[in-house]
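# Structural overview
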Amino acid sequence: MICESLKIEQGKVFVYNKSTEIFEETSNAELIGCLILEKAENSNPDLIRKEFVMFLQKNNLNPTIERITIFEKIQNETFEFTIKKIHDKVLKDLHISLRTVNNTFHLLKDAGIIKISNKKISSRVNYFELAG
């Protein structure tokens with residue numbers, strides 16, 4: 001798996017270059033997303049949250065309470081989920097618009113953290129799952 005050639009040091013993400021046999025700093029969103037997912041399977045929630053904040057900062061985005069809350073709700077899902085389902089869960093903790101949840105989903109999808117599920121439950125609603 002490609003994540004095996006990634007590491008974090010001092011808040012920076014490095015990818016292993018086989019030709020030079022050294023780790024080089026990267027800001028590739030998909031690689032960082034991959035690393036976040038790998039750590040999600042093997043680490044505690046506080047570490048994953050810190051890595052997600054780092055991912056946002058690497059992409060010149062603010063780690064807002066809304067983004068972090070959405071990420072945490074998604075991280076707790078074990079089956080496919082919809083934007084509306086996560087919105088309903090977030091509303092229990094925080095007033096947030098459906099548009100904000102939608103925009104954050106697209107950000108997480110582009111980063112490779114979530115993906116559209118292959119299971120078609122409804123032709124009108126996209127179901128998502130954690131990538132990886």
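Scroll up a little and you will see the structure.
Description of the structure in this document. Everything numeric in this text was worked out from a predicted model, so none of it was measured.

## A few points about the packing of aromatic side chains
- Here the structure, examined in full by the defined rule, presents two aromatic pairs.
- With a centroid separation of 5.9 Å and 75° between ring planes, the pair formed by Phe81 and Phe105 is classed as edge-to-face. Taken together, the residues span a long stretch of sequence, with Phe81 in the loop between helix 3 (65-75) and helix 4 (83-91) and Phe105 in helix 5 (residues 98-110) at a distance of 24 residues.
- On the basis of relative accessible area, Phe105 is assigned to the buried category, the value being 1%.
- For the pair Phe105 and Phe128, a centre-to-centre distance of 4.9 Å together with 80° between the ring planes defines the contact as edge-to-face. Here Phe105, found in helix 5, pairs with Phe128, found in strand 5 (residues 128-130); they are 23 residues apart in sequence, far enough to count as distant.
- A residue is classified by how much of its surface remains accessible, and Phe128, at 3% relative accessible area, is buried.
- Members of the aromatic cluster, each reached through a chain of ring pairs, are Phe81, Phe105 and Phe128.

## Points about the environment of Lys89
- The residue Lys89 is located in helix 4 in this model.
- Counting along the chain gives 15 residues from Lys89 to Ile74, while the straight-line C-alpha distance between them is 9.6 Å.
- Among the polar contacts made by the side chain of Lys89, one reaches the side chain of Glu77 at a distance of 2.6 Å.

## Observations concerning the packing of helix 3 against helix 4
- Here helix 3 crosses helix 4 at 115°, and the two axes come no closer than 10 Å. As helix 3 runs across helix 4, the sense of the crossing is right-handed. Counted together, Thr69, Ile70, Lys73 and Ile74 of helix 3 and Ile86, Lys89 and Val90 of helix 4 form the full contact between these two elements.

About the thresholds
Residues numbered from 1 in each chain as written. Predicted model: local features only at pLDDT ≥ 70, side-chain atom pairs only at ≥ 80, totals over all residues. Heavy atoms only, no water. Phe/Tyr/Trp six-rings, centres within 6.5 Å; stacked < 30°, edge-to-face > 60°. Helix = DSSP H or I, 4+ residues; strand = E, 2+ residues; numbered from the N terminus. Buried < 20%, exposed > 50% of the residue type's maximum accessible area, 1.4 Å probe, protein only. Polar contact = N/O pair within 3.5 Å; in protein donor to acceptor, adjacent residues only side chain to side chain. Axes fitted to C-alpha atoms, helices over the stretch in contact; angles between N-to-C directions. Left-handed = near helix turned anticlockwise from the far one by under 90°. Contact = heavy atoms within 4.5 Å.

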